[in-house]
Amino acid sequence: MTAAERVWATLAPELATDAVEALGPTEADAFLARVEVALEDVHGPLALLYGNGDDASVADLLDRALRIVLAAAAARPEELRRLDRRREIDPGWFQRPRMQGYVCYVDRFCGTLQQLPGRLDYLGELGTTYLHLMPLLQPRPGENDGGYAVMDYRAVDPRLGTMDDLEDVARALHDRGMSLCIDLVLNHTAREHRWAQGWLAGAPEFAGFYTAFPDREMPDAYDATIPEVFPDRAPGSFTWVPEACGGAGGWVWTTFWPYQWDLDYTNPAVPLAMLGEITWLANRGVDVFRMDAVPFMWKRLGTTCQNQPEGHLVLQLLHALTRIAAPGVVFKAEAIVSPEDLVPYLGGHDRYRPECELAYHNQLMVMLWSSLATRDATLAAHALGRMPQIPAPTSWVTYVRGHDDIGWAVSDTDAGATGVSGFGHRRFLNDFYSGRFPQSFARGALFQENEVTGDARISGSAASLCGIEEALETGDGAALERGIRRLVLLYSVIYSFGGIPLLYMGDELALRNDTGYLADPARAPDNRWMHRPPMDWAAADRRSDPATLEGRVFRWLQRLGEARRALPALAAGGECHVIDVGSAAVLGWRRRHPRTGTFVGVANVSPAAQLVDADTVTGFGTFSPVLASDGTPELRADRLLLPGLAFAWFAEP
């Protein structure tokens, strides 16, 4: 027997009896089967992280963990159990081509949670089946990092409604075949959270939940190798808290802002406490958890304190336990890191370990913007081409941009391989998208500029970064056409590259930068609010008029979704490979699902027309055109003519 089996043999009899009492014989049998399937994924991390070679300690932790998930399973509503059963039969439910996401802030989209069900018809027009509601759990009062400083995981921001309202939203979504995704911050809580306040007060049940040092020796040692997240407003990774260390004062670990205190996952009570919050929220109807800030969960002296192996084990543990209680729930990793560090969050280690089913394809997003600025796809083809394939049970989440700033994750290795300087290219992208570069079409702004290092990130809505805002202000019709084509081109790639495409609120209407945030003292210092505009429902009313900007963009997003849903090759379970189509300005990619034919997509990032290899793109004429920005590309001998800023999809019948 393995160590896990030996421990399970001692726990199983009593747990089985309790499971039957709590769930009934049929549900108990299913629950125990899930425990056995997940046993190695639960026992292994517990033993490696907290066991210290002591089987008795591991057995105690395993028993405590299984008691938490048994209680959650017993409390799970019947309608969610039925959904679990469907998803256990169809474990790839989230990989289907019909899966298409929409991302929004509740207040900026519709006002409150109570008002949200009344807007689902609008989302249905876009083909939405996955709704990601940006931070809505109760934040601390005042400054709260856009809602990511959570003081209560079991309450909703009162400005948005109540937890009952959120449950009603989940039911309304499920009735329409839509899934609910919310943010769950794993790395830290607000200092006002009851765990933090209990720890500060010396309550035994919260001992070791956070980290504090009495002097600067250890903070200075850690800070020597940790990159600063907000160097201008929150330098360093520690904050002096006079009440810490029994009232003597101490330096509390705060990777992000001084009011966000990092949890200490070296204490096994922390992941078990977080497990309780996750399963409680799952029982409210949450289908997908966006696991925020997961790269920062484990600290090691002498490193960046990101992407540590133990952090992956914590995720593996939480994932396995959650799915015992709620097998219909999936995890999405918010890990904006290098490609080498990113794939492991999908379980892509030397040996596959289930961790998260979904992760953001940050590299694709960055490379698309880079290609538009340079009018060249060479760097994108190289960087995307060398990324490892992800495990078959997982999927990318693809996106043009999100609520956050854009950090230029262009590695020196990739840049050097294509003959450019990594530092120089990152500086160019900041200059270009902030409008500093001559003849730039973009209207973005620098975020967190570090004048010492030259580092910065970019804020700005997708439409404004694509040149639509500038074109409208100058009245340049040709520039407006190019801006629209850029926006549609970007979405044509993320709808067909593989995974779940996410549409950020307002992009379907080409909403531009919003300066209204400057009138709000709480938001004014953070220019990321410029690309988080309130929904313009007057603009949305023009979505059916093809003569309007909104109508043109909205219809293109509809067409992309309709074509995607009809293409089994775009199911997320297949592999995606970048291909050389004979033009440096054209990005080409090929997908093939194990049970379907081949799909090929091409995107011309240059405003000039390009000729591409017809045989490569069309499979020697065997792939049929499915959708293209300008109709079926013209064939010229053995080449296809792709107009400027055009895309085309081909698929094997």
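Look up: the structure comes first, before these words.
From a predicted model like this one, the values you see are computed outputs, not experimental measurements.

*Asks:* Would you mind showing me how to read the overall build of the chain here?
*Replies:* Along the backbone of the chain there are 22 helices and 25 strands. Compactness check: the chain gives a C-alpha radius of gyration of 25 Å against a globular reference of 26 Å for 653 residues, within 12% of the reference. Summarising its shape, the C-alpha atoms of the chain cover approximately 75 × 55 × 50 Å along the three principal directions. Expressed as a percentage of its 653 residues, the buried residues of the chain come to 61%. Sequence-distant contacts in the chain: of pairs separated by 6 or more residues, those separated by 24 or more amount to 71%.

*Asks:* Sorry, what's going on with helix 8 (residues 194-201) here?
*Replies:* Residues spaced three or four apart along an α-helix point in a common direction, a consequence of the helix completing one turn every 3.6 residues. Burial in helix 8 covers these residues: Trp195, Ala196, Gly198, Trp199 and Leu200. In the segment just after helix 8, Gly202 is the residue with positive phi, at about 85°.

*Asks:* Where do I start with the pattern of salt bridges in this structure?
*Replies:* Side chains carrying opposite charge are able to pair once their charged atoms draw close together. Throughout the structure, instances matching the rule amount to 50 salt bridges. Arg443 is the salt-bridge partner of Glu473, the closest N and O atoms lying 2.6 Å from each other. With Glu473 in helix 18 (residues 468-474) and Arg443 in the loop between helix 16 (422-433) and strand 15 (445-447), this pair connects stretches of sequence that are 30 residues apart. The class for Glu473 is exposed, based on a relative accessible area of 52%. Since its relative accessible area comes to 27%, Arg443 is described here as partly exposed. The salt bridge involving Glu550 is made with Arg542; its shortest N-O contact spans 3.1 Å. Classification of Glu550 as buried rests on a relative accessible area of 6%. A single salt-bridge network, built from bridges that share partners, covers Asp145, Asp404, Asp405, Arg457, Asp526 and Arg528.

*Asks:* Please clarify how the packing of helix 13 (residues 362-374) against helix 19 (residues 477-494) should be interpreted in this entry.
*Replies:* Orientation of helix 13 relative to helix 19, taken along the N-to-C sense of each, is 145°, at an axis distance of 11 Å. As helix 13 packs across helix 19, the resulting crossing turns out to be right-handed. Residue-level inspection shows Leu364, Leu368, Trp369 and Leu372 of helix 13 in contact with helix 19, the latter providing Arg486, Leu489, Leu490, Val493 and Ile494. Across the contact of helix 13 with helix 19, the residue classes break down as eight nonpolar, no polar and one charged.

*Asks:* It is not clear to me how the environment of Arg96 should be interpreted in this structure. Could you clarify?
*Replies:* Mapped onto the secondary structure, Arg96 falls in the loop between helix 4 (78-89) and strand 1 (101-104). A sequence separation of 475 residues divides Arg96 from Ala571, and the C-alpha atoms of the two residues are 4.8 Å apart. Ignoring sequence-local partners within four residues, the contact set of Arg96 consists of Asp90 and Arg564.

*Asks:* Explain the side chain of Glu508 here, please?
*Replies:* Tracing the backbone shows Glu508 in the loop between strand 17 (500-504) and helix 20 (537-540). No salt bridge is formed by the buried Glu508, whose closest oppositely charged neighbour, Arg543, lies at an N-O distance of 8.1 Å. Within the local environment of Glu508, its side chain forms a polar contact with the backbone nitrogen of Gly506, the two atoms lying 3.0 Å apart. Contact partners of Glu508, with chain neighbours within four places excluded, come to Tyr102, Tyr122, Leu126, Leu503, Met535, Glu550, Val553, Phe554 and Leu557.

*Asks:* Help me understand the sheet that holds strand 20 (residues 598-604), please; the structure alone is not making it clear to me.
*Replies:* Each strand in a sheet pairs with another by means of backbone hydrogen bonds, the pair being arranged parallel or else antiparallel. Here we have five strands laid out as an open sheet, ordered 18-19-20-25-22, and antiparallel in their pairing. Sheet topology places strand 18 (575-579) and strand 22 (624-628) at the edges, where each strand pairs with a single neighbour. Direction aside, neighbouring strands of the sheet carry axes that sit 20° apart on average. As paired strands, strand 19 (residues 586-592) and strand 20 are joined by seven bridges and run antiparallel to one another. The residue bridging Leu587 from the neighbouring strand is Ala603, located in strand 20. Sheet strands in contact with helix 19 are strand 19, strand 20 and strand 25 (647-651), and its direction is about 25° off that of strand 25.

*Asks:* Mind showing me how you'd approach the sheet that holds strand 24 (residues 639-642) here?
*Replies:* A sheet is described by the order of its strands in space; here three strands give the open sequence 21-24-23, paired in antiparallel fashion. Two strands in the sheet have a free side with no partner beyond their single neighbour: strand 21 (610-613) and strand 23 (634-636). Direction aside, neighbouring strands of the sheet carry axes that sit 40° apart on average. The pairing of strand 23 with strand 24 spans three bridges and is classified as antiparallel. The residue bridging Glu634 from the neighbouring strand is Leu641, located in strand 24.

*Asks:* Even after reading the chapter, I still don't get the pairing of strand 12 (residues 330-333), so can you show me in this structure?
*Replies:* A regular strand carries its side chains on alternate faces of the sheet. A two-sided burial pattern is seen for strand 12, the buried positions comprising Val330 and Lys332 on one face and Phe331 and Ala333 on the other. One ladder, built from four bridges, connects strand 11 (residues 288-292) with strand 12; its direction is parallel. Residue pairing in the sheet places Arg290 in a bridge with Lys332 of strand 12. As defined by bridge partners, strand 12 adjoins strand 13 (residues 358-360) across two bridges and the pair is classed as parallel. Within the sheet, the bridge partner assigned to Ala333 lies in strand 13 and is Ala359.

*Asks:* Would you mind going over the side chain of Arg591 with me for this structure?
*Replies:* The residue Arg591 is located in strand 19 in this model. The side chain of Arg591 is buried and forms no salt bridge, while Glu575, the nearest opposite charge, is found at 8.9 Å. Within the structure, the side chain of Arg591 is placed 3.2 Å from the backbone oxygen of Phe497, a separation counted as a polar contact. A distance of 3.2 Å separates a polar atom in the side chain of Arg591 from the backbone oxygen of Ala569.

*Asks:* Would you mind showing me how to read unusual backbone geometry here?
*Replies:* Most peptide bonds take the trans form, and the phi angle of most residues other than glycine is negative. One non-glycine residue, Arg375, lies in positive phi territory at about 60°. Within the secondary structure, Arg375 sits in the loop between helix 13 and helix 14 (378-385). Exposure remark for Arg375: the relative accessible area of 49% places this residue in the partly exposed category. Phi at Gln448 is positive, roughly 55°, even though this residue is not glycine. Relative to the elements of secondary structure, Gln448 occurs in the loop between strand 15 and strand 16 (457-459). Classification of Gln448 as buried rests on a relative accessible area of 8%.

*Asks:* Looking at this structure, I do not really get the environment of Pro139. What am I missing?
*Replies:* Relative to the elements of secondary structure, Pro139 occurs in strand 3 (residues 137-139). Sequence-wise, Pro139 and Pro231 are 92 residues apart; in three dimensions their C-alpha atoms are separated by 23 Å. In contact with Pro139, not counting residues within four places along its chain, are Asn144, Gly147, Ala149, Val150, Met151, Asp157 and Arg159.

Calculation criteria
Residues numbered from 1 in each chain as written. Predicted model: local features only at pLDDT ≥ 70, side-chain atom pairs only at ≥ 80, totals over all residues. Heavy atoms only, no water. Helix = DSSP H or I, 4+ residues; strand = E, 2+ residues; numbered from the N terminus. Rg over C-alpha atoms; globule rule 2.2 N^0.38 Å. Buried < 20%, exposed > 50% of the residue type's maximum accessible area, 1.4 Å probe, protein only. Contact = heavy atoms within 4.5 Å. Salt bridge = Lys/Arg side-chain N within 4 Å of Asp/Glu carboxyl O. Axes fitted to C-alpha atoms, helices over the stretch in contact; angles between N-to-C directions. Left-handed = near helix turned anticlockwise from the far one by under 90°. Nonpolar A, V, L, I, M, F, W, Y, C, P; charged D, E, K, R; others polar. Lys, Arg positive; Asp, Glu negative; His and termini not counted. Polar contact = N/O pair within 3.5 Å; in protein donor to acceptor, adjacent residues only side chain to side chain. Pairing = 2+ DSSP bridges.

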